[in-house]
Amino acid sequence: MHPTDLPAQDRGGSVDLLVHGGDVLTVDPSGTVVTDGAVAVRDGKIVEVGPAERLRAAYEAADELDATGCLVLPGLINTHTHLAMTLFRGIADDVTLQDFLARVIPAEAERLSPETVTAGMLGAIAESVRAGVTAALDMYWFHEAAETVARDAGWRLLTGPTFMDVPGPPDGRAYADRLGWAAADLTARTPAPGTRPVLFAHSAYTLVPEQLTAITALAREHGALLHIHAAENAGEVGAVVEQHGMRPVELLESLGVLGPDTLLAHAVDLTDAEIEAIARTGTAVAHCPVSNLKLGCGIARVPDLLEAGVTVGLGTDGAVSSNTLDLLGAVNVAALVHKAGGDPTAVGAEQAVRMATIESARALGLADQLGSLESGKRADLIVLDLSRPHLTPRHDPWSMLAYSAASSDVRDTVVDGRVLMRARTLETLDEQHALGALRDAASSAPISTSEVASTA
């Protein structure tokens, strides 16, 4: 809805929050930038976006953020991560994906619990809010504990039951018991605005075809998003071919897993036929360029996916494979790495920023609620301080975000109209307590590099 199309009863009056004075990058279909603009928020939704002078005269605000000299834009959306992996940051560096898994999976089985996941989430949310990330899709164990932390902090989290048929899973729940548990979880769930039910199938190398089919059927029955790792590197593709006689995406297509309610993580090692299948079925992809580079997985064929019409969102992966939850850093890498083939237009600045905002929202099936600053959408936004040397002068906001800005430039973070960080101070989470809890959980059973190396 265009601001001037608002019903008369919704224009003017009192609002909960008014962000005013900065340039507003709406990330709407036209890429509208409102110079000296404002965003009015009521009941967690954006009421109107427009010139600051007019909106300040029209609305009486209970709270205000003066964004003079700043850039206001939609909050960033992390479409693939394992947030409580903050517990293990630094234990599996400079290794391949397969060696990474051989180190991390045993560590998780030994050390994860609702209490340690709570500690890992506290640190992850503090890090994410500081980085301007207002929502994330989190595949991890003990999702109930993660949801509690996110709810208390007022942060937008999409999570749910995870399926991974491995010996000794961290939650001690055998695969045979997981379908019933997940069905009960989905039945009891009333998704908050700006979220939806989610099921996580880890991969085609930790689940057999019958399991993948059953998980997909359960997700479809409940209208849930299905999220799965697929084709992360050539080693994974080879392992799935050896196990099942088909490449990962080929297998998922044959089982009916692909579709408009499925989001693939990584999708690095793809054939032309697989790209066509992903596009034809309306399947989306979560691109994690930093993790892919660090693990030596390769560079995903994002320009080809985009040309085929595939929705591509952006993710950080966990803080073990990428070492940070800095999604703005991933925007920068996504805008740069695809130029390595010689085409500087392969993924441009605007495309990279959209991948972290509206395209991430589209990948989650939530583009009608998140990803841009438009009236009627949830009020998730961030304010970037532009008074830094590396952001001066300012010619183009897309270019500045993709090639110059850093997560440390985020000054304010707002989710559902609630200010989570104001002037770089977290308001809904005790940051020192969060970091202390994370340190304590990580040090209660120290993990040395020699110890993890012995599990590989």
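Residues numbered from 1 in each chain as written. Predicted model: local features only at pLDDT ≥ 70, side-chain atom pairs only at ≥ 80, totals over all residues. Heavy atoms only, no water.

S.K.: Explanation requested: the overall build of the protein in the structure shown.
M.R.: Of the regular secondary structure elements, the protein holds 17 helices and 20 strands. Against the compact-globule benchmark of 23 Å for 456 residues, the protein has a radius of gyration of 21 Å, which places it among compact chains. For the protein, the spread of C-alpha atoms along the three principal axes comes to 65 × 50 × 45 Å. About 16600 Å² of surface is accessible on the protein, with carbon and sulfur atoms providing 52% of the total. (Helix = DSSP H or I, 4+ residues; strand = E, 2+ residues; numbered from the N terminus. Rg over C-alpha atoms; globule rule 2.2 N^0.38 Å. Areas by Shrake-Rupley, 256 points an atom, 1.4 Å probe, with all protein chains shown as cover.)

S.K.: How should I be thinking about the pattern of salt bridges in this particular structure?
M.R.: Side chains that differ in charge, positive against negative, can pair when their charged atoms come close. Taken as a whole and judged by the stated rule, the model has 28 salt bridges. Between arginine 111 and glutamate 110 there is a salt bridge, and its shortest N-O distance comes to 3.7 Å. Residue classification places glutamate 110 among the exposed residues on the basis of a relative accessible area of 56%. Between arginine 247 and glutamate 274 there is a salt bridge whose closest N-O contact spans 2.8 Å. With arginine 247 in the loop between helix H7 (234-244) and helix H8 (248-254) and glutamate 274 in helix H9 (residues 272-281), this residue pair connects regions lying 27 residues apart in the sequence. You can call arginine 247 buried: its relative accessible area is 18%. One network of salt bridges, with partners in common, ties together Arg156, Arg378, Asp380 and Asp416. (Salt bridge = Lys/Arg side-chain N within 4 Å of Asp/Glu carboxyl O. Buried < 20%, exposed > 50% of the residue type's maximum accessible area, 1.4 Å probe, protein only.)

S.K.: What's the story with empty space enclosed by the protein in this structure? I'm lost.
M.R.: Any empty space left between atoms is shown by rolling a water-sized probe over those atoms. Tallying each qualifying case throughout the model produces three cavities of 30 Å³ or more. Taken as a whole, the largest cavity spans an internal volume of roughly 220 Å³. In this structure, the largest cavity is lined by 20 residues; those nearest its centre are His82, Met85, Leu101, His202 and His229. Residue contributions to the lining of the largest cavity peak at six residues, all from helix H2 (residues 97-111). Among the residues forming the lining of the largest cavity, the class breakdown is eleven nonpolar, six polar and three charged. Here the second largest cavity defines a volume of roughly 50 Å³. Around the second largest cavity, the lining residues are Pro74, Gly75, Ile77, Thr134, Gln369, Leu370, Gly371, Ser372, Arg378 and Asp380. In the lining of the second largest cavity, the residues fall into three nonpolar, five polar and two charged. (1 Å grid on protein atoms, 1.4 Å probe; cavity = no way out; pocket = protein on both sides within 12 Å on 5 of 7 lines; lining within 4 Å. Points joined across faces, edges and corners; volume = space filled by probe spheres on them. Nonpolar A, V, L, I, M, F, W, Y, C, P; charged D, E, K, R; others polar.)

S.K.: Just checking my understanding: could you explain the packing of helix H12 (residues 327-337) against helix H13 (residues 349-356) for this structure?
M.R.: Two numbers describe how H12 lies on H13: the axes approach to 9 Å, and their chain directions differ by 145 degrees. As H12 packs across H13, the resulting crossing turns out to be right-handed. Judged by residue contacts, Leu327, Val331, Ala334 and Ala335 of H12 engage Ala352, Val353, Met355 and Ala356 from H13. Residue composition of the contact of H12 with H13, by class: eight nonpolar, no polar and no charged. (Axes fitted to C-alpha atoms, helices over the stretch in contact; angles between N-to-C directions. Left-handed = near helix turned anticlockwise from the far one by under 90°. Contact = heavy atoms within 4.5 Å.)

S.K.: Can you walk me through the confidence of the model for the protein in this structure?
M.R.: In low-pLDDT regions, the fine details of the predicted coordinates are not to be read closely. Within the protein, residue pLDDT values average 94, and 95% of them lie at 70 or more. Here helix H17 (residues 449-453) stands out as the least confident element of the protein, with mean pLDDT 36; helix H14 (residues 358-363) is the most confident, with 99. Overall, residues 1-5 carries pLDDT values under 50, and its contacts beyond four positions in sequence, including any with other chains, amount to seven contacts. pLDDT under 50 marks residues 445-456. Its contacts with residues more than four places away, or in other chains, come to 17 contacts. (pLDDT = per-residue confidence, 0-100.)

S.K.: Could you clarify how one ought to interpret the pairing of strand E9 (residues 133-138) in this entry?
M.R.: Of all six residues that make up E9, six are buried, and the element is covered over most of its length. In terms of strand pairing, strand E8 (residues 76-81) meets E9 through four bridges, oriented parallel. Across the sheet, residue isoleucine 77 finds its bridge partner in E9, namely alanine 135. Sheet topology places E9 next to strand E10 (residues 156-158); three bridges connect them, and they run parallel. Its bridge partner being in E10, alanine 136 is matched across the sheet by leucine 157. (Pairing = 2+ DSSP bridges.)

S.K.: Explanation requested: unusual backbone geometry in the structure shown.
M.R.: As a rule of thumb, non-glycine residues mostly have phi less than zero, and peptide bonds are mostly trans rather than cis. The omega torsion across threonine 392 and proline 393 is -5 degrees, close enough to zero to call that bond cis. With respect to the secondary-structure elements, proline 393 resides in the loop between strand E17 (381-385) and helix H15 (397-403). Despite not being glycine, phenylalanine 142 has its phi angle at roughly 55 degrees, a positive value. Position of phenylalanine 142 relative to the elements: it lies in the loop between E9 and helix H4 (143-153). Residue asparagine 323 is not a glycine yet carries a positive backbone phi of 70 degrees. Along the chain, asparagine 323 turns up in the loop between strand E16 (312-314) and H12. Note on asparagine 323: relative accessible area 18%, which makes it buried.

S.K.: Got a minute to help me understand helix H6 (residues 209-221) in this structure?
M.R.: Since the α-helix packs 3.6 residues into each turn, any two residues three or four apart lie on the same face. Between the first and last C-alpha of H6 there are 18 Å, a value that for 13 residues agrees with the 18 Å anticipated at 1.5 Å per step. When H6 is considered as a whole, its buried residues turn out to be Pro209, Gln211, Leu212, Ile215, Thr216, Leu218 and Ala219. Turning to H6, the residues buried within the fold contact strand E11 (162-163), helix H5 (175-188), strand E12 (198-201), strand E13 (225-230), H7 and H8. At the exit of H6 stands glycine 223, carrying a positive phi of roughly 65 degrees. (Expected span 1.5 Å × (residues − 1).)

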